Amino acid sequence: MAPVPIEGVLVLAAVLFTLGFAGVLMRRNIIFILMSIEIMLNAAGLAFVVAGSKWGQPDGQVMFIFILVMAGAEVSVGLALVLRLFHRFRSLDADAAGRMKG
Amino acid sequence: MTDLLWLIPFMPIAGFTVLVLAGSRLPRSVTGTIGTGTVGLSAVVSMLLAAGFGVKGDGYVVTQTLWQWLSVGDFSPRFSLYLDALSLVMVLVITCVGFLIHLYSIGFMKNEEGYSRFFAYMNLFVGSMLVLVLADNLVSLYLGWEGVGLCSYLLIGFWYRDSANGYAARKAFVITRVGDTALAVGLFLLFTNLGTLQIQELMQRAQAEWPAGSKIAVIAAALLLAGAIGKSAQLPLQTWLPDAMAGPTPVSALIHAATMVTAGVYLIARTHVLFTLAPPVQSAIAIIGAATLLLAGLSAFVQRDIKRVLAYSTISQIGYMFLALGVGAWSAALFHFMTHAFFKALLFLGAGAVILAMDHEHDIFKMGGLRSRMPVTFWTFLIGVASLSALPFVTSGFYSKDLILKLAWSSERGSVWLWAAGVAGAFITSLYAFRLLFVVFFGDRLTRAKSDPGISMTAPLVVLAALSVAAGLAALPEPASGRQAIQQFLSGVLPAAHIRDERTPELFLLLIASCASIGGMLAAWLLYVLFPRYAEGLVQTRAGRSVHRLLFTGWGFDRIYDRLFAGPFLWLTRINRDDFIDLVYEGAAWYSGVFHHLLGLTQTGKVRWYAFGIGLGAIITIGIAVFL
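Predicted model only: the values in this text are computed from it and were never measured.

About the thresholds
Residues numbered from 1 in each chain as written. Chains lettered and ligands numbered in written order. Predicted model: local features only at pLDDT ≥ 70, side-chain atom pairs only at ≥ 80, totals over all residues. Heavy atoms only, no water. Helix = DSSP H or I, 4+ residues; strand = E, 2+ residues; numbered from the N terminus. Buried < 20%, exposed > 50% of the residue type's maximum accessible area, 1.4 Å probe, protein only. Areas by Shrake-Rupley, 256 points an atom, 1.4 Å probe, with all protein chains shown as cover. Lys, Arg positive; Asp, Glu negative; His and termini not counted. Charge placed at Lys NZ, Arg CZ, Asp CG, Glu CD. Rg over C-alpha atoms; globule rule 2.2 N^0.38 Å. Contact = heavy atoms within 4.5 Å. Pairing = 2+ DSSP bridges. Buried area = accessible area lost by both parts, 1.4 Å probe. Salt bridge = Lys/Arg side-chain N within 4 Å of Asp/Glu carboxyl O. Expected span 1.5 Å × (residues − 1). Axes fitted to C-alpha atoms, helices over the stretch in contact; angles between N-to-C directions. Parallel < 35°, antiparallel > 145°, perpendicular 65-115°, else oblique. Left-handed = near helix turned anticlockwise from the far one by under 90°. Nonpolar A, V, L, I, M, F, W, Y, C, P; charged D, E, K, R; others polar. Polar contact = N/O pair within 3.5 Å; in protein donor to acceptor, adjacent residues only side chain to side chain. Patch = residues over 30% accessible without salt bridge, like charges linked within 9 Å, V, L, I, M, F, W, Y side chains within 5 Å. Disulfide = S-S within 2.5 Å. Phe/Tyr/Trp six-rings, centres within 6.5 Å; stacked < 30°, edge-to-face > 60°.

## A few points about the overall build of chain B
Stage number 1. Helix and strand content of chain B: 27 helices and 2 strands.
Stage number 2. Dimensions along the principal axes, computed over C-alpha positions, put chain B at roughly 110 × 60 × 55 Å.
Stage number 3. Across the 628 residues of chain B, 55% fall into the buried class.
Stage number 4. With an accessible surface of roughly 26800 Å², chain B has 68% of that area assigned to carbon and sulfur atoms.
Stage number 5. Treating the 41 positive side-chain charges of chain B as one cloud and the 32 negative ones as another, the clouds have centres 8 Å apart.

Set out below in structure tokens:
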């Protein structure tokens, strides 16, 4: 298998990360924000994996497994919070949480 | 026996410690006994040591090193005591007169609050003064010097509930501080140039290294002189002393007779080598002394307050001592210090008895005819006044003043003018002294005075009166050298004055000085007993009134200082009421408040806004890391 061109993959990762970040900033729906964060995490993971293959080291893939685990944990906590927020405000609008002053 | 030297300053300080710690719980009799007894024991010890001097001769010196005080680099003063003929005379006078004043205070203060506080301060006062005169180096001398200043503050403001007394105490403290600062600078100068502060070593090195009249010697001597002027209330720092009368009368006696004000005289006598190396400064001492004795004498003449008369008289008499120091008549200054200590303590204690008998009335024109009511006080006061006026042959004041006047004429540094100032001063002294006596004790004014106080107060008066007369014995010529006994005694420490011209018309000078003092007495008799209306009329004229006001306010020095120093200072404080340095701190508080509000605006509670902040921060940080 021909080696993957590292520059192309890094550009892809950067594009994915930027898309994710833009999603975080622009979406109001909290579920979509969480999904955008997942995209950012995976973009970072992709960069790790390609870097690991470039240097012939397993560390990149080890790091990706960490990120997967962390993303799973994050999603479970995040979804629990989303549920609580929905019970409270009857909406999934992230800005609605701004009403919790103090 | 010489090992007992440390006991002299230790006893009063121990008394102070006991009275401060336990004084309020002790009965009054015990307090008085401790206060008086410790000073009395010091007097006994100093007399024992004086006996040693009688045996061993004039150049005899007792030293005792107590401990190493501190050690910093080259500077390692020991705490040691040094007793020679000069400090012995001082110590004897301080302890004996101090003892009598303490004894008198037992009666005087018996109905006052703060009885133990009073004796504690008095003991500390005597203790500090003893440290001052027994000091072996200038650092311990300075310790005693400041201790005396502190105690004068505490004692002048003893009746602290009256704010005027507090003002007088602060005034004394602040004005003497001006001189003390100069003295401290002088000490630094001496140490940096000569590398020691041990007095004897210092004098030797100064003599060896500094040529006479060199600039450094003049500056050092001038700084020491400034310190002496502040403490001894000479021109132009004399204004604190008349106000210092706010304290209880025994305090005035102690400050003016035995201790504080003579510290300056002692300092100059102790470091006389330095002053002989600085002829301009020595001339300045003589001129300051002559001017002070005249100005203060004239002020004393018009005062109404019995204690203020004596206060101005003290300034004037110390002027005589400065005159003597200035013309190089060191031992004459010490002799006058001794006689003055006796008769001025006597006069103050007599005045205290009068004030007590008049229920704390100070105005002499509300007194009169006390002669028959208070015979003991009258006769002793008469002796004091006669001694102050230097009435010929029977009083000790005559001998000491005569010695000063003679040397002011004949010494190398003396001149006719200094002598003339001294003689004019003698006339004025006699005039105001007898004015005081005549107004208070003569006349037939009806006053509601009580009679003589009890034995504990009259006994010191009688003893001091006897001393005022007997101290004249120190002027008896020694058969061996033909010099006066006191000069002979001090000759090991203080050199004799250089006589300019051997052909001094001594008899003529004696006659003039005697005429001056008797003339003053007669003038007072004419003005205040025979024709009292004439003096009153003189004051009523326009010129008389303005002159009277000028003299009464002590030549307006207070007003000049108010205008010159207090006024501008108060003006500065007024315009700077909201301290401008505070603006810096208030500005810092204001800016942090503003930033707080600005940052508070960013806390919107919107998750996406925060995420934007994090992203922006990350981009900026990475940008800095990459591009810089």
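Once you've had a look at it, read on.
## Some thoughts on the overall build of chain A
Stage number 1. Helix and strand content of chain A: 3 helices and 0 strands.
Stage number 2. Counting from the amino terminus, chain A carries its helices and strands in the arrangement α-α-α.
Stage number 3. Against the globule reference of 13 Å for 102 residues, chain A gives a C-alpha radius of gyration of 17 Å, more extended than a compact globule.
Stage number 4. Expressed as lengths along the three principal axes of its C-alpha atoms, the size of chain A is roughly 55 × 25 × 25 Å.
Stage number 5. Expressed as a percentage of the 102 residues in chain A, the buried residues total 26%.
Stage number 6. A separation of at least 24 residues holds for 56% of the contacts in chain A among residues at least 6 apart in sequence.

## Some remarks on the pairing of strand β2 (residues 78-83) of chain B
All names here are of chain B.
Stage number 1. Of all 6 residues making up β2, 5 are buried, and the element is well covered by its neighbours.
Stage number 2. Both strand β1 (residues 62-68) and β2 contribute to a ladder of 6 bridges, which runs antiparallel. Opposite Gln64, over in β2, you have Leu81 as the bridge partner.

## Some words on the interface of chain B and chain A
Stage number 1. The partner chain A presents 10 residues to the 6 residues of chain B that form the contact.
Stage number 2. Interface area, chain B with chain A, both sides summed: about 740 Å², of which 61% is carbon and sulfur.
Stage number 3. Between the two partners, chain B and chain A, sit 0 salt bridges.

## Side note on helix α27 (residues 607-627) of chain B
Stage number 1. For α27(B), spanning 21 residues, the distance from its first C-alpha to its last is 30 Å, which sits close to the expected 30 Å at 1.5 Å a residue.
Stage number 2. In the core, the buried residues of α27(B) are packed alongside α1 (6-26) and α2 (30-55) of chain A.

## Some remarks on the packing of helix α6 (residues 163-194) of chain B against helix α8 (residues 215-232) of chain B
Residue and element names in this part refer to chain B.
Stage number 1. Viewed as axis vectors pointing N to C, α6 and α8 meet at an angle of 150 degrees, and their least axial separation amounts to 7 Å. Here α6 is positioned roughly antiparallel relative to α8, judged by the angle of their axes. As for how α6 packs across α8, the hand of that crossing is left-handed. Here α6 contributes Thr176, Gly179, Asp180, Ala182, Leu183, Val185, Gly186, Leu187, Leu189, Leu190 and Asn193 to the contact with α8, which in turn contributes Ile216, Ile219, Ala220, Leu223, Leu224, Ala226, Gly227, Gly230 and Lys231.
Stage number 2. Here the residues of the contact of α6 with α8 are counted per class, giving 12 nonpolar, 6 polar and 2 charged.

## Side note on the side chain of B:Asp180
Residues and elements named next belong to chain B.
Stage number 1. Tracing the sequence through the fold places Asp180 in helix α6.
Stage number 2. You can call Asp180 buried: its relative accessible area is 1%.
Stage number 3. Among the polar contacts made by the side chain of Asp180, one reaches the side chain of Trp145 at a distance of 2.7 Å.

## Brief notes about the environment of B:Pro505
Stage number 1. Relative to the assigned elements, B:Pro505 resides in the loop between α21 (485-490) and α22 (506-530).
Stage number 2. Along the chain, B:Pro505 and B:Lys406 lie 99 residues apart, while their C-alpha atoms are 9.1 Å from each other.

## Brief notes about the side chain of B:Lys171
All names here are of chain B.
Stage number 1. Counting through the fold element by element, Lys171 comes out in helix α6.
Stage number 2. For Lys171, a relative accessible area of 12% gives the class buried.
Stage number 3. Each residue touching Lys171, except ones within four places of it in the same chain, is listed here: Thr239, Trp240, Asp243 and Asp558.

## Observations regarding the environment of B:Val547
Residues and elements named next belong to chain B.
Stage number 1. The residue Val547 is located in helix α24 (residues 542-552) in this model.
Stage number 2. We classify Val547 as partly exposed; its relative accessible area is 46%.
Stage number 3. For the pair Val547 and Tyr160, spaced 387 residues apart in sequence, the C-alpha to C-alpha distance is 34 Å.

## Examining unusual backbone geometry
Stage number 1. Following B:Leu235, the chain continues to B:Pro236 via a peptide bond in cis, the omega torsion being -5 degrees.
Stage number 2. Within the fold, B:Pro236 resides in the loop between α8 and α9 (240-243).
Stage number 3. The phi dihedral of A:Arg90 falls on the positive side, at around 55 degrees, and the residue is not glycine.
Stage number 4. Inspection of the secondary structure puts A:Arg90 in the segment after α3 (59-89).
Stage number 5. Judged by its relative accessible area of 59%, A:Arg90 falls in the exposed class.
Stage number 6. In this structure, B:Ala233 takes a positive phi of about 55 degrees despite not being glycine.
Stage number 7. By secondary structure assignment, the location of B:Ala233 is in the loop between α8 and α9.
Stage number 8. Residue class for B:Ala233 comes out buried when judged on its relative accessible area of 0%.

## Regarding a positive patch on the surface
Residues and elements named next belong to chain B.
Stage number 1. Together, Arg542, Arg545, Arg549, Arg559 and Arg563 give the surface a local cluster of positive charge.
Stage number 2. Going through the elements one at a time, α24 and α25 (557-575) are the ones with two or more residues in the positive patch.
Stage number 3. Here the positive patch takes 3 residues from α24, the largest share from any one element.
Stage number 4. Of note, Arg549 is situated in helix α24.

## Some remarks on the pattern of salt bridges
All names here are of chain B.
Stage number 1. Taken as a whole, this structure holds 9 salt bridges over all chains when the rule is applied.
Stage number 2. Among the salt bridges present, the one from Arg177 reaches Asp180, with a minimum N-O distance of 3.1 Å. Placement of the pair is Arg177 and Asp180 together in helix α6, with a separation of 3 residues, close to one helical turn.
Stage number 3. We note a salt bridge from Arg308 to Asp243, for which the minimum N-O separation is 3.4 Å.

## What about the state of the cysteines?
Chemically, a disulfide is nothing more than a covalent bond linking the sulfur atoms of two cysteines.
Stage number 1. Across all of its chains, the model carries 0 disulfides over all chains by this definition.
Stage number 2. No disulfide involves B:Cys96; its nearest neighbouring cysteine sulfur is the one of B:Cys151, lying 20 Å away.

## Details of the packing of aromatic side chains
Residue and element names in this part refer to chain B.
Stage number 1. With the rule as written, the count across this model stands at 21 aromatic pairs over all chains.
Stage number 2. For the pair Phe378 and Phe441, a centre-to-centre distance of 5.4 Å together with 55 degrees between the ring planes defines the contact as tilted. Placement of the pair is Phe378 in helix α17 (residues 375-388) and Phe441 in helix α19 (residues 416-441), with a sequence separation of 63 residues.
Stage number 3. Summarising the aromatic geometry, the rings of Phe381 and Phe441 are spaced 5.3 Å apart at their centres and angled 45 degrees between planes, so their arrangement reads as tilted. Here the residue Phe381 occupies a position in helix α17, and Phe441 occupies one in helix α19, the gap between them amounting to 60 residues. In this structure, Phe381 and Phe441 share a single accessibility class: buried.
Stage number 4. Taken together, Phe378, Trp379, Phe381, Phe434, Phe438, Phe441, Phe442 and Trp525 form an aromatic cluster joined through their ring pairs.

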